[in-house]
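# Topology and contacts: notes
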Amino acid sequence: SLMMMSLPPRVRKLVVTKYSPKFREATALVEVPLDVTSLSDDFIVVRNIYTGINASDINWTNGKYPPRLDPPYDCGFEAVGTVAWMGKDVVGMKVGDVVGYTGINCFSEYAPVMYKQVFVIPAPVPPLPNIIPLLVSGLTASIALEQIGEMKQKDKEGASFKQERVLVTAAAGGTGQFAVQLAKLAGHFVIGTCGDESKVALLKRLGCDRVINYKTEKLHEVLRNEFPEGINLVYESVGGDTYEACLSNLAVRGRLVVIGMVGSYQDGSAFSRSGSGSQAPVGMKLLAKSASVRGFLLTQFQRHMRSHFQRLLALLQAGNLQTVVDKTQFMGLEQVADAVDYLYSAKNQGKVVVQLTKEARTLTSKL
């Protein structure tokens, strides 16, 4: 059929060949046959055009994230592309549609995906790199703040709304940028941390009320001196001393949401018993303030993804949400490892994105 003609017989993808937090050592670029006859009728094949880099890519290659698979296995958590082929039970989309999706096989040129897992991007289609940050990073911020952080929205609460102090660590990163903007849109006072002056400027542009450059100021001291009442909600992805400072400065009934600990993945300390963080009795710190520390893993919130993605996309299309994509360009599966290394250099501003293939002419004309 016509639908089949554009599919190459063999496609390239990255696979994890051994457990390691060093992405380059853990993965290999392989070529595999693309056999749609083996796919079930509710699958589509997506021609991936862009993919996103996440700090947890190295937890995945290290076999530390559920589900733990035996090598060789696929990798890559998010992609944007076009529908290249559809099984006969697929509804609500057509070949050529732009789609975004999250999964575990996105570092590939073509990927089979169950059609119900993808988000069709309706016109006006934003520039494709700008859709990537909405996937893992945007959904993590949106769902974690609402479901785990219990963040309230001013426009929904009306008179009963209470403004809170919301602290976002690694605020200029892929997901921090959304936590900042969503907390501001919800009507809160937002504090963001980062590690260099150009990121300070970015965070001010995104609406941060107070930006803390942890290279020039001590986070713990700033929080204690400027916010003696404590922080109501923390969106925390750094770990170590940053986490400790947040924990020690929670308000009464404060919530510290742990979405990661990027400082402890490369050396594995995030997973060891003597991991980063002081041995101060956490229980007493929490009890004294009726506070809580809560974890968040996106894959356990599948049923919330579609509604949150639709809201994020609508905010983007209406101009009420910025998606910051780092300006460093990476091209092809060959450069995914470079992009992961770049993310861990802590230089990135916003989301690190890799272009996997050239955009088709028909697509570019629509943008």
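Sequence order as written defines residue numbering, which begins from 1 separately in each chain. In view of the model being predicted, local features appear only for residues whose pLDDT reaches at least 70, and side-chain atom pairs are presented and counted only at 80 or more, with totals across whole chains, interfaces and linings using the full set of residues. Side-chain metrics rest on all non-hydrogen atoms present in the structure, leaving aside hydrogens and water.

## Description of the overall build of the protein chain
What counts is decided by this rule: For helices the rule is a DSSP run of H or I covering at least 4 residues; for strands it is a run of E covering at least 2, with both sets numbered from the N terminus onward. The atom set for the radius of gyration is the C-alpha atoms, and the globule formula is 2.2 Å times the number of residues raised to the power 0.38. Residue contacts follow a heavy-atom distance rule, with two residues in contact if any of their heavy atoms lie within 4.5 Å. Note on areas: Shrake-Rupley, 1.4 Å probe, and residue coverage restricted to the protein chains presented here. In this tally Asp and Glu are treated as negative and Lys and Arg as positive; neither His nor the chain ends contributes. By convention, charge coordinates are those of NZ in Lys, CZ in Arg, CG in Asp, or CD in Glu.
What the protein chain contains, in helices and strands, is 13 helices and 16 strands. For the protein chain, whose C-alpha radius of gyration is 21 Å, the value lies close to the compact-globule estimate of 21 Å for 367 residues. Taking the principal axes of the C-alpha coordinates as reference, the protein chain spans close to 65 × 45 × 35 Å. For the protein chain, restricting intrachain contacts to residue pairs at least 6 apart in sequence, the fraction spanning at least 24 positions comes to 70%. For the protein chain, the exposed area adds up to about 16,800 Å²; of that, 54% sits on carbon and sulfur atoms. Across the protein chain, 40 positive and 33 negative side-chain charges occur, with their mean positions spaced 3 Å apart.

## Considering the packing of aromatic side chains
The relative placement of two aromatic rings is captured by the distance of their centres and the angle of their planes. Worth spelling out the cut-off: A pair of aromatic rings is counted whenever rings of Phe, Tyr or Trp (Trp by its six-membered ring) have centres within 6.5 Å, and the orientation is called stacked for planes under 30 degrees apart, edge-to-face for over 60 and tilted otherwise. Working definition: with a 1.4 Å probe on protein chains only, accessible area under 20% of the residue-type maximum means buried, over 50% means exposed, and in between means partly exposed.
Under the definition given, this model contains 9 aromatic pairs. On the basis of an interplanar angle of 85° and a centroid distance of 5.7 Å, the ring pair of Trp 60 and Tyr 73 is categorised as edge-to-face. Of this pair, Trp 60 sits in helix H3 (residues 57–61) while Tyr 73 sits in strand S4 (residues 73–74), and the two are 13 residues apart along the sequence. Each member of the pair Trp 60 and Tyr 73 is classed as buried. Aromatic side chains Phe 119 and Phe 309 sit 4.3 Å apart centroid to centroid with 10° between the ring planes, which places their arrangement in the stacked category. Highlighted residues: Phe 119 in strand S8 (residues 118–120) and Phe 309 in helix H11 (residues 302–317), separated in sequence by 190 residues. With a relative accessible area of 5%, Phe 119 lands in the buried category.

## Observations concerning the sheet that holds strand S9 (residues 165–168)
For the record, the criterion: Only strands that DSSP links by at least two bridges are regarded as paired with each other. Think of each axis as a best-fit line through the C-alpha atoms, taken over the contacting stretch in the case of a helix, with angles from 0 to 180 degrees between the N-to-C directions.
The parallel open sheet is built from 6 strands, whose spatial order is S11-S10-S9-S12-S13-S14. Two strands close off the open sheet at either side, each with one partner strand: strand S11 (210–213) and strand S14 (292–295). On average, each strand axis in the sheet is inclined to that of its neighbour by 15°, with strand direction left out of account. Two strands pair when backbone bridges link them, and S9 and strand S10 (residues 189–194) are joined in this way by 4 bridges, in the parallel orientation. Residue Val 168 lies in a different strand from S10, and its bridge partner there is Gly 192.

## Here's the deal with the pattern of salt bridges
For clarity, the cut-off: What counts as a salt bridge is simple: a side-chain nitrogen of Lys or Arg found within 4 Å of a carboxyl oxygen of Asp or Glu.
Overall, the coordinates contain 14 salt bridges when judged by the stated rule. Glu 109 serves as the salt-bridge partner of Arg 12, at 2.9 Å between the closest nitrogen and oxygen. Placement of the pair is Arg 12 in strand S1 (residues 10–16) and Glu 109 in the loop between strand S6 (98–102) and strand S7 (110–114), with a sequence separation of 97 residues. Its salt-bridge partner being Glu 334, residue Arg 12 comes within 2.8 Å of it at the nearest N-O pair. Here Arg 12 is found in strand S1, whereas its partner Glu 334 is found in the loop between strand S15 (330–331) and helix H12 (336–344), with 322 residues between them in sequence.

## Examining unusual backbone geometry
Note the cis peptide between Pro 66 and Pro 67, where omega equals -10°. Its place among the elements puts Pro 67 in the loop between H3 and S4. With an omega dihedral of -5°, the bond running from Ala 123 to Pro 124 counts as a cis peptide bond. Relative to the helices and strands, Pro 124 is located in the loop between S8 and helix H4 (136–148). Residues other than glycine seldom take positive phi values, yet Glu 150 does so here, at roughly 55°.

## Structural notes on the packing of H4 against H11
As a reminder, the rule being used: Put simply, angles under 35 degrees are roughly parallel, angles over 145 are roughly antiparallel, angles from 65 to 115 are roughly perpendicular, and the rest are oblique. Take the far helix as your reference; a near helix turned counterclockwise from it by less than a right angle gives a left-handed crossing, and one turned clockwise gives a right-handed crossing.
The N-to-C vectors of H4 and H11 enclose an angle of 110°; their axes lie 10 Å apart at closest approach. Judged on the interaxial angle alone, H11 and H4 are roughly perpendicular. Two packed elements cross with a definite hand, and for H4 against H11 that hand is right-handed. Residue-level inspection shows Gly 138, Leu 139, Ser 142, Ile 143, Glu 146 and Gln 147 of H4 in contact with H11, the latter providing His 304, Met 305, His 308, Phe 309, Arg 311 and Leu 312.

## Concerning the sheet that holds S4
Spatial strand order, S2-S1-S4: 3 strands in an open sheet with antiparallel pairing. Strands with a single pairing partner mark the edges of an open sheet, and in this sheet they are strand S2 (27–33) and S4. Bridge analysis of S1 against S2 gives 7 bridges, and the strand direction is antiparallel. Note that in S2 the partner of Val 16 across the bridge is Thr 27.

## Here we look at the environment of Leu 333
Along the polypeptide, Leu 333 turns up in the loop between S15 and H12. Sequence spacing of Leu 333 and Ala 28 is 305 residues, and the spatial spacing of their C-alpha atoms is 9.9 Å. Ignoring sequence-local partners within four residues, the contact set of Leu 333 consists of Arg 12, Lys 13, Leu 14, Leu 29, Phe 107, Ser 108, Glu 109 and Leu 356.

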